[in-house]
Amino acid sequence: MTASQPQHAIAWINGTWGRPEELKLPLSDRGLQLADGLFETVLIHHQRAFLLDAHLCRWEQSCELLGMASPPTRPWLDPLIQEAIERLGLEQRAGALRLNWSRGDGSKRGIGLDHNSADPSRHRFWMTLQTHTPTFESVRTWISRHEYRQASSLMSRCKTFSYGQAIQVRREAQQRGAEDGLMLSTNGTLCCGSSANLVIERHGQWLTPPLSDGCLPGVMRGEALKQGLVQEQSLAAEPQPDDQWLLINSLGCRTISQVNGKPLTNRGNGEALWRSLVPSHSEKSLPS
């Protein structure tokens, strides 16, 4: 890479910086072998991590749910994140930060956990930072006929490494001529997208499925509830007249233009909703 070519990604593990494709994980890592780990994806812009405390709170709560050791804390992460921002040169660019926490090396073959499975010294942290521009274009969707979100599962409440189901949901949608997929809960109600929470505007009110229907407690979803902009409600799969459906996560917001080939309303206010969830004093600096 020449000096004139901008770098688009950087990674850190075990005190070493490099490009993501250069750095390595041990083959014994349970995150690699068994998807036994958790991650958070955080928007970086104007050299700061947006809603980082909310991400770290979910990370910590997910570790408790799955019997993992507590992940790195903000005082430890802050200088590392700042160095990543500086190394990647994000002064005028936005980025997507991924914080990874695996259960580390297993003491034996198989899925079994021993009495030291929550020992933090056996866990492993690494992170990546890539350039990213928040996404707001519309998307056609397809409701999966094969994959369902398990309403009662602890895994549904955590952002784990295991994304095989989401990959198949999107693959099924693309085979049907759509760009992204939606999942129903095992309760039979609408749940979420392949990698985003679902928000529906109906009769002037924004609605989102409750956690009891199996959706991930997304950070932007949580912020919308906290601000009183959205209410929880179980939602049937059939759109109602004049519904507007959105997919929303930390990296952007996409208005759903079609579901299973049926056109939906687009009032053009999805991006405004997303931007309202970012701290107001920083909203003016977000990329367009």
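Summary of the structure given here.

**A word on helix 3 (residues 74-88)**
So, point 1. Here helix 3 is 15 residues long and its end C-alpha atoms lie 20 Å apart, about the 21 Å a rise of 1.5 Å per residue gives.
So, point 2. What helix 3 keeps buried is the set L77, L80, I81, A84, I85 and L88. Seen end-on, helix 3 carries its buried residues on one side only, within an arc spanning 145°.
So, point 3. Positive phi shows up at G89, right after helix 3, with a value of about 70°.

**Some thoughts on the packing of aromatic side chains**
So, point 1. One pass over the full model with this rule turns up eight aromatic pairs.
So, point 2. Relative to F161, the ring of F39 has its centre 6.4 Å away and its plane inclined at 35°; by these criteria the two rings are tilted. Of the two residues, F39 sits in strand 3 (residues 37-45) while F161 sits in the loop between strand 7 (139-149) and helix 4 (164-175), which places them 122 residues apart along the sequence. Here the two residues F39 and F161 agree in accessibility, since each one is buried.
So, point 3. Among the aromatic residues, ring-to-ring pairing joins W12, W59, W76 and F125 into one connected group.
So, point 4. Across from the ring centre of F39, 3.7 Å away, lies the NZ or CZ of R98, which sits over that ring.

**Brief notes about the pairing of strand 14 (residues 252-259)**
So, point 1. The sheet contact formed by strand 7 and strand 14 spans three bridges and is parallel. Paired with V139 across the strands is I256, a residue of strand 14.
So, point 2. Pairing of strand 13 (residues 244-249) with strand 14 involves five bridges; the strand directions are antiparallel. By the bridge assignment, L246 is partnered in strand 14 with T255.
So, point 3. Taking the residues that link successive antiparallel strands as the turn, the strand 13-strand 14 hairpin has two residues.
So, point 4. With two bridges connecting them, strand 14 and strand 15 (residues 262-263) associate as antiparallel partners. Note on strand 15: the bridge partner recorded for Q258 is P263.
So, point 5. Counting the residues in the hairpin turn of strand 14 and strand 15 gives two residues, including N260, whose phi is positive at 50°.

Cut-offs applied
Residue positions within a chain follow its written sequence, with the count starting from 1. Where local features are concerned, this predicted model is filtered to residues with pLDDT of at least 70; where side-chain atom pairs are given and counted, the filter is 80 or more; whole-chain, interface and lining totals use all residues. Hydrogen atoms and water are omitted, and side-chain values are computed over all heavy atoms in the structure. The helix count covers DSSP runs of H or I at least four residues long, the strand count covers runs of E at least two residues long, and both are numbered beginning at the N terminus. Expected span, for any helix, means 1.5 Å times one less than how many residues it has. The rule is simple: take the accessible area with a 1.4 Å probe, protein chains only, and divide by the maximum for that residue type; under 20% is buried, over 50% is exposed, in between is partly exposed. Think of the arc as the fan of directions from the helix axis to the C-beta atoms. Working definition: a ring pair exists when centres of Phe, Tyr or Trp rings (six-membered ring for Trp) sit within 6.5 Å. Plane angles under 30 degrees give stacked, over 60 give edge-to-face, the rest tilted. Note on criteria: charge over ring means Lys NZ or Arg CZ within 6 Å of the ring centre, with the direction from the centre no more than 35 degrees off the ring normal. Each pair of strands is called paired provided DSSP finds at least two bridges between the two strands.

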